[in-house]
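Below, each chain spelled out in residue letters.
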Amino acid sequence: MSVHDEQNSDGGRGDKRRGDERRGDERRGDEQRSDERRGDKRRGDERRSDERRSDERRGDERRGDERRGDGKHSQHFDEVEAARHFPSEEEWLDLPAPDLGSEPASSPESSAEAATPEATSFADRVMRAREEEQALDAQLADLHQALPNDLLQQFTAPTPSKSFVEDTVATVMNDRRNRWQQMLSRYVAPEPSPVFVSRTLTALRRGEAQDGAQQDDHTQTAAAGRQAGPNSAPHSPRAQLPYTPLTGKRSNWPVFGLIAAAAAAILWLQLTDAAPAPLELRLADQASPAVAYGNATSPMAAILARVAHDEEPFSVFDAPADGLWLVSTTGDLR
Amino acid sequence: MTEITTELVLKAQGGDEDANRAIVEGLHRPVIATIFRFLGPGYRREVEDLAQEVFLKVFRAIDKFDPSRAKFTTWVYTFVRNHCFDVLKKRRLKTTSMHAVGPDETDRDFADRRELQPTEATENTELGRRIGEALATLGEDQRMVFILREYESLDYREIASITGVNEGTVKSRLFRAKESLRKQLAPYLEAGA
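Residues numbered from 1 in each chain as written. Chains lettered and ligands numbered in written order. Predicted model: local features only at pLDDT ≥ 70, side-chain atom pairs only at ≥ 80, totals over all residues.

A. Molecular detail of the overall build of chain A. Each helix and strand counted, chain A has 14 helices and 0 strands in total. Mapped in sequence order, the helices and strands of chain A form the string α-α-α-α-α-α-α-α-α-α-α-α-α-α. Within chain A, the fraction of its 334 residues that count as buried is 5%. Once local pairs closer than 6 in sequence are excluded, the contacts in chain A between residues at least 24 apart make up 71%. (Helix = DSSP H or I, 4+ residues; strand = E, 2+ residues; numbered from the N terminus. Buried ≥ 20, exposed ≤ 12 C-beta atoms within 10 Å, placed from the backbone. Contact = placed C-beta atoms within 7 Å.)

B. A look at the overall build of chain B. A count of helices and strands for chain B gives 10 helices and 0 strands. Order of helices (α) and strands (β) in chain B, N terminus to C terminus: α-α-α-α-α-α-α-α-α-α. Considering chain B as a whole, with its 193 residues, one finds that 38% of them fall into the buried category. The long-range share in chain B, meaning contacts at least 24 apart out of those at least 6 apart in sequence, stands at 60%.

C. Representation of the packing of helix α8 (residues 156-163) of chain B against helix α9 (residues 167-184) of chain B within the structure. All names here are of chain B. Packing of α8 against α9 brings their axes to within 9 Å, and their N-to-C directions diverge by 100°. Here α8 lies roughly perpendicular to α9, going by the angle between them. Mapping the contact onto sequence places Tyr156, Arg157, Ile159, Ala160 and Thr163 in α8 and Glu167, Val170 and Lys171 in α9. Residues that form the contact of α8 with α9 fall into these classes: 4 nonpolar, 1 polar and 3 charged. (Axes fitted to C-alpha atoms, helices over the stretch in contact; angles between N-to-C directions. Parallel < 35°, antiparallel > 145°, perpendicular 65-115°, else oblique. Nonpolar A, V, L, I, M, F, W, Y, C, P; charged D, E, K, R; others polar.)

D. A look at the interface of chain A and chain B. Every contact between the two is made by 30 residues of chain A and, on the other side, 41 residues of chain B. At the level of elements, α1 (3-22), α6 (117-146), α7 (149-152) and α8 (164-185) of chain A are the ones that each hand at least two residues to the side of chain A that touches chain B. Top contributing element to the side of chain A that touches chain B by residue count: α8 of chain A, with 9 residues.

E. Highlighting the confidence of the model for chain B. Residues and elements named next belong to chain B. A residue-level look at chain B finds 82% of positions with pLDDT of 70 or above and a mean pLDDT of 85. When mean pLDDT is compared element by element in chain B, helix α3 (residues 47-60) scores highest at 96, while helix α5 (residues 113-116) scores lowest at 42. Scored below 50 in pLDDT, residues 97-121 makes 27 contacts in the model with residues more than four places away or belonging to other chains. Across the interface, the model reports ipTM at 0.81; the global pTM reads 0.51. (pLDDT = per-residue confidence, 0-100.)

F. Highlighting the nonpolar core. In this structure, Ile32, Ile35, Val145 and Leu148 of chain B are the most contacted members of the largest nonpolar core, which totals 53 residues. Other than its neighbours up to four places away in sequence, Leu148 of chain B contacts Tyr77, Leu154, Ile159 and Ile162 of chain B. (Core = buried A, V, L, I, M, F, W, Y, C linked by C-beta atoms within 7 Å.)

G. Seen up close, unusual backbone geometry. The backbone phi angle of Ser153 of chain B is positive, close to 55°, even though this residue is not glycine. Among the secondary structure elements, Ser153 of chain B is positioned in the loop between α7 (140-151) and α8.

H. A look at the confidence of the model for chain A. Residue and element names in this part refer to chain A. Per-residue pLDDT for chain A has a mean of 69; in total, 45% of the residues score no lower than 70. This model gives residues 1-11 a pLDDT under 50, and the stretch forms 6 contacts once residues within four places in sequence are excluded. Every residue in residues 328-334 is under pLDDT 50, and counting partners more than four places away or in other chains gives 8 contacts.

I. The arrangement of the packing of α8 of chain A against helix α2 (residues 17-39) of chain B in detail. Remark: α8 of chain A packs on α2 of chain B, axes separated minimally by 9 Å, with the N-to-C direction vectors making an angle of 135°. The angle between α8 of chain A and α2 of chain B falls in the class oblique. As for the relative orientation of α8 of chain A and α2 of chain B, their crossing is right-handed in sense. Here Phe164, Val165, Thr168, Val169, Val172 and Met173 of chain A of α8 of chain A lie close against α2 of chain B, whose contacting residues are Glu17, Asn20, Arg21, Val24, Glu25 and His28 of chain B. (Left-handed = near helix turned anticlockwise from the far one by under 90°.)

J. Geometry of the environment of Phe164 of chain A. In this fold, Phe164 of chain A is placed in helix α8. Phe164 of chain A sits in the partly exposed class, given 19 other C-beta atoms within 10 Å. In this view, Phe164 of chain A contacts His28 and Glu48 of chain B; residues no more than four positions away in its chain are not counted.

K. Representation of α3 of chain B. Residues and elements named next belong to chain B. Between its terminal C-alpha atoms α3 stretches 20 Å, which fits the 20 Å expected from 14 residues at 1.5 Å a residue. Those residues of α3 that sit buried are Val47, Glu48, Ala51, Val54, Phe55, Val58 and Phe59. Within α3, the buried residues cover an arc of 130° as seen down the axis, which keeps them to one side. (Expected span 1.5 Å × (residues − 1). Arc of directions from axis to C-beta.)

Encoded structure:
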């Protein structure tokens, strides 16, 4: 018999006994039962939070008393000290009820003698919650009889395939191996290939030999040196490519010259316009506004100038745009 | 079912292949059965793949398992439960736009509608198929509690540990699940009686 079967049989006997006791007088409606259960669950949560708050308050009060009485404000919380101050089994029954805010706090003398309203209501809540739990157990027992296990087992699960275990174990081991490799690869540097090593050594040796020499025929010299080298790779595709060995200092003047030319070109393009403005616009920009109307082709300019002068006799006519249309012969400037 | 001892688990934590095989051998039937019953016959083809994913997750996290704090089977069932819920969540994200939410369907998983459709031939009898359909109408939380209690024979404390709620809530969900199933299967229960 497995552990689970033992547990089920024990729970079943307990449920049956409780069901026999309660069945006669606890046939309530489903809705009423569920409502009460919900309310009691809420009250149970409130009860648990109240107990937690009172415990915390008791701990705070104890620590505050220690601090005030001893004056050791910097004393760290000591678990041994806290355990030492926990009330003994003889004392805890006489402990005063905690102050729960709105509810009246009982005095140490009366708490042991008479049941206070808060204690009665608390006890009632606990007993009601217990009764609800027992009722729920009874209902579950009833439903267990209505839905027996042999009926539910008619909904069978598929038989696993024969290779499932082996496939799964292989997948698990591969996954474990891959994860280890990924972890290790972060800390292991890759080994350089032999080709890379030989090419690097050859280049270093060649660079030392040609240091300070003239660069007349770099391609032939480099190819001859590469082919004749003991560590060269004759079949390497890169050996067939012509290349100029980089010996000595490279001159940076061509680069600077290109950069300067590009900057000059950009500056010139910015400063010069792509297309010249129309003649009228150019004349309008250059001509003084005061004589702009003198170049007009109609008497309208003089009239408008007079009107402007009458309206503002002391204003200085300095807006060149006012004279543009006066200068224009067609009325619109292109 | 092979008993999963603490020594076996410690060997598996060390990467022992035989210990891994013994654990898979001992737990693959209940894992597959739980996944199948929770997700429904519509997932018949994928149930072994899903079970393999569960075992992968178990063995990836097996180093963190503390034998002194929980039973190994309870710990594995937690992975089963979480993986089933993840599958449903992913399917729901794909099908949410396709199904309208009715006023009485707040507690139903829309992806389970596929189980109500005609499925290929299974090993189940007519009553078995009807039980599967009735299970699919339950809410996810109620369904999981019902399967763990009635099919896997776990006690309330273990189920509470797996689902992350207290024992009172477990009993309440189980009661609602059984009540709903009893109403749906009433014709079959009367015929059987």
